[in-house]
Amino acid sequence: VPLPVPVLVLGLVLVLGGRAGGGGGCQLPAEWRPLSEGCRAELAAIIVYARVLALHPDPYGAYNYLPWQRGPPGGPQQGAGDLFYSAEIELLCDQAWGSMLEVPAGSRLNLTGLGYFSCHSHTVMQGYAYFFFLRMDENYILLPHGVNFQEAIFPDTQENRRMFASLFQFSNCSQAQHVLSFSSDWEIQEDNRLMCSSVQKALFEEEDRVKKLQQKVATLEKRNKQLRDRVKKVKRSLRQARKNSRHMELVNRKLSEKLSSAGGQIPYINSLKQENSHGTYLKV
């Protein structure tokens, strides 16, 4: 059974993926915030503790492709090689409380969507046990569930056992797995789990409220700028109107002075006309 490609290939894939996929290929959403494993465990659809029995190469498909592969899913691998594979796993315990998968310990399942991708990797090794965050698609295919774009597969270590201890019903685990029982701090872990979602929800709601307030402030600042521009235009128009008014007053004053000076000369002109007309009458 082929094993996963070396980690060196993963580095090469990440570099090539960054170049071929562009700068935005691995960009997280602007509102992204990191979540603790406990909080993400509450959001994961399925959580199992299982051992990897076998690995099988997967063809290029809907869940196995790289950004520079433009062909349709189900087509040729287009140079993907052995980057993608599926795993046959055996459940060492019943699925975690709250999981959507209703199968008992000892069940064997096929898990796809594993391998080295451009921005992340879901990798396992044959013969080792892991804690899996899983989801099921519309075709009932099991896939890693990278909640919040974070890790979906956790190796079987003491630290991870303690972290996920409150999620499993250890009485249904195989005899070799009783070491998983960390009952001393179970209540503390359970309290943390119960508080996690409510705290995260409150934080997200607060962030949404701040974002809405920022949008309102931006809108008000835009309107304020528009009002300032309008006020400037009105002041400019008022100054121009006053200037025009002063100019008209000056023109009217000069015209009045001309009319006044012209009005004083009119009686003299009339008297001349009368004298000339009288002389003409005498001559006749």
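Calculation notes
- All residue numbers refer to position in the chain's written sequence, counted from 1.
- Side-chain atom pairs in this predicted model are given and counted only at pLDDT of 80 or more, local residue features only at pLDDT of at least 70, and totals for whole chains, interfaces and linings cover all residues.
- Based on all heavy atoms of the structure, the side-chain values leave hydrogens and waters out of the count.
- Secondary structure is summarised from DSSP: a helix means a run of H or I of at least four residues, a strand means a run of E of at least two, and numbering begins at the N terminus for each.
- Any residue under 20% of the maximum accessible area for its type is buried, any over 50% is exposed, and the rest in between are partly exposed; the area is computed with a 1.4 Å probe on protein chains only.
- Any pair of residues with heavy atoms lying within 4.5 Å of one another is described as a contacting pair.
- In these tables, accessible area is a Shrake-Rupley quantity obtained with a 1.4 Å probe, and a residue counts as shielded only by the protein chains included in the view.
- For salt bridges, the criterion is a side-chain nitrogen of Lys or Arg within 4 Å of an Asp or Glu carboxyl oxygen.
- Note on patches: the residues involved have over 30% relative accessible area and no salt bridge, like charges join within 9 Å, and the nonpolar side chains Val, Leu, Ile, Met, Phe, Trp and Tyr join within 5 Å.
- Asp and Glu are treated as the negative residues and Lys and Arg as the positive ones, with His and the ends of the chain left uncounted.
- Positions of charges follow a simple convention, taking NZ of Lys, CZ of Arg, CG of Asp or CD of Glu.
- Pairing of aromatic rings covers Phe, Tyr and Trp, the last through its six-membered ring, and needs centres within 6.5 Å; plane angles under 30 degrees mean stacked, over 60 mean edge-to-face, and all others mean tilted.
- Among buried residues, those of type Ala, Val, Leu, Ile, Met, Phe, Trp, Tyr and Cys that are joined through side-chain atoms within 4.5 Å constitute a nonpolar core.
- Note: two strands are recorded as paired if DSSP finds a minimum of 2 bridges between them.

Undergrad: Could you give me a rundown of the overall build of the protein chain, with the residues and numbers involved?
TA: Counting secondary structure elements, the protein chain contains 4 helices and 7 strands. Tracing the protein chain from N to C terminus, the helices and strands come up as α-α-β-β-β-β-β-β-β-α-α. A total of 284 residues make up the protein chain; the buried ones form 30% of that total. Contacts spanning at least 24 positions in sequence make up 71% of the contacts within the protein chain whose residues lie at least 6 apart. Accessible surface, the protein chain as shown: approximately 18,800 Å² in total, 57% of it carbon and sulfur.

Undergrad: Can you explain the pattern of salt bridges? Please cite residues and give values.
TA: If you walk through the whole model with that rule in mind, you get 3 salt bridges. We note a salt bridge from Glu88 to Arg108, for which the minimum N-O separation is 3.8 Å. Placement of the pair is Glu88 in strand 2 (residues 84-91) and Arg108 in strand 3 (residues 108-116), with a sequence separation of 20 residues. Note that Asp229 and Lys225 form a salt bridge whose closest N and O atoms lie 3.4 Å from each other. Taken together, the residues Asp229 and Lys225, both in helix 4 (residues 186-283) and 4 residues apart, mark about one turn of the helix. The exposure class of Asp229 is partly exposed, given its relative accessible area of 31%.

Undergrad: If you had to explain the environment of Phe117 to someone new, which residues and values would you point to?
TA: Residue placement: Phe117 occurs in the loop between strand 3 and strand 4 (121-122). Taking relative accessible area as the criterion, Phe117 reaches 7% and is therefore assigned buried. Separated by 33 residues in sequence, Phe117 and Phe84 place their C-alpha atoms 8.2 Å apart.

Undergrad: Which residues make up a positive patch on the surface, and what are the values?
TA: The grouping of Arg228, Arg230, Lys232, Lys233, Lys235, Arg236 and Arg239 at the surface amounts to a positive patch. Within the secondary structure layout, Lys235 lies in helix 4.

Undergrad: A description of the packing of aromatic side chains should follow, citing residues and the corresponding values.
TA: Applying the stated criterion across every chain yields a total of 7 aromatic pairs. With centroids separated by 5.1 Å and ring planes inclined at 35°, the aromatic side chains of Phe84 and Phe117 adopt a geometry described as tilted. Taken as a pair, Phe84 in strand 2 and Phe117 in the loop between strand 3 and strand 4 lie far apart in primary sequence, 33 residues in all. Owing to a relative accessible area of 1%, Phe84 belongs among the buried residues under this scheme. Look at Phe133 and Phe164: their rings are 5.8 Å apart centre to centre, the planes differ by 80°, and that puts the pair in the edge-to-face class. Here Phe133, found in strand 5 (residues 129-136), pairs with Phe164, found in the loop between helix 3 (158-163) and helix 4; they are 31 residues apart in sequence, far enough to count as distant. We note that Phe133, like Phe164, is buried.

Undergrad: An account of the nonpolar core is requested, with residue identities and associated values reported.
TA: Counting 37 residues, the largest nonpolar core has Ile47, Val48, Val52, Val124, Phe132, Phe133 and Phe168 as its most contacted members. Where this core is concerned, the elements lending two or more residues are strand 1 (46-57), strand 2, strand 3, strand 5 and strand 7 (153-155). At 7 residues, the largest contribution of residues to this core is made by strand 1. Filtering out sequence-adjacent residues up to four positions away, Phe132 remains in contact with Ile46, Ile47, Val48, Ala50, Val52, Ile89, Leu111, Val124, Ala152 and Ile153.

Undergrad: A description of unusual backbone geometry should follow, citing residues and the corresponding values.
TA: Outside of glycine, negative phi angles account for most residues, and trans bonds account for most peptide bonds. The phi angle at Tyr140 is positive, at roughly 65°, despite the residue not being glycine. Topologically, Tyr140 is positioned in the loop between strand 5 and strand 6 (142-144). At Asn148, a residue that is not glycine, the phi angle is positive and equals roughly 60°. Summarising the element assignment, Asn148 is placed in the loop between strand 6 and strand 7.

Undergrad: Can you break down the pairing of strand 5 residue by residue, with the values?
TA: Most of strand 5 is tucked away, with 6 of its 8 residues classed as buried. Inspection of the sheet shows strand 5 paired to strand 6 by 3 bridges, in the antiparallel sense. Its bridge partner being in strand 6, Leu134 is matched across the sheet by Pro144. Here strand 5 folds back onto strand 6, and the loop between the two strands holds 5 residues, one of which, Tyr140, carries a positive phi near 65°.

Undergrad: Just give me the short version of the pairing of strand 3, but keep the residues and values in it.
TA: Within strand 3, 7 of the 9 residues are buried, which leaves the element mostly enclosed by the surrounding structure. Direction of pairing for strand 2 relative to strand 3: antiparallel, over a ladder of 6 bridges. Considered in strand 3, the bridge of Tyr85 is made with Leu114. Note: strand 3 against strand 4, 2 bridges, orientation antiparallel. Pairing of Tyr116 across the sheet is with Ser121, part of strand 4. Here strand 3 folds back onto strand 4 in antiparallel fashion, the turn holding 4 residues.

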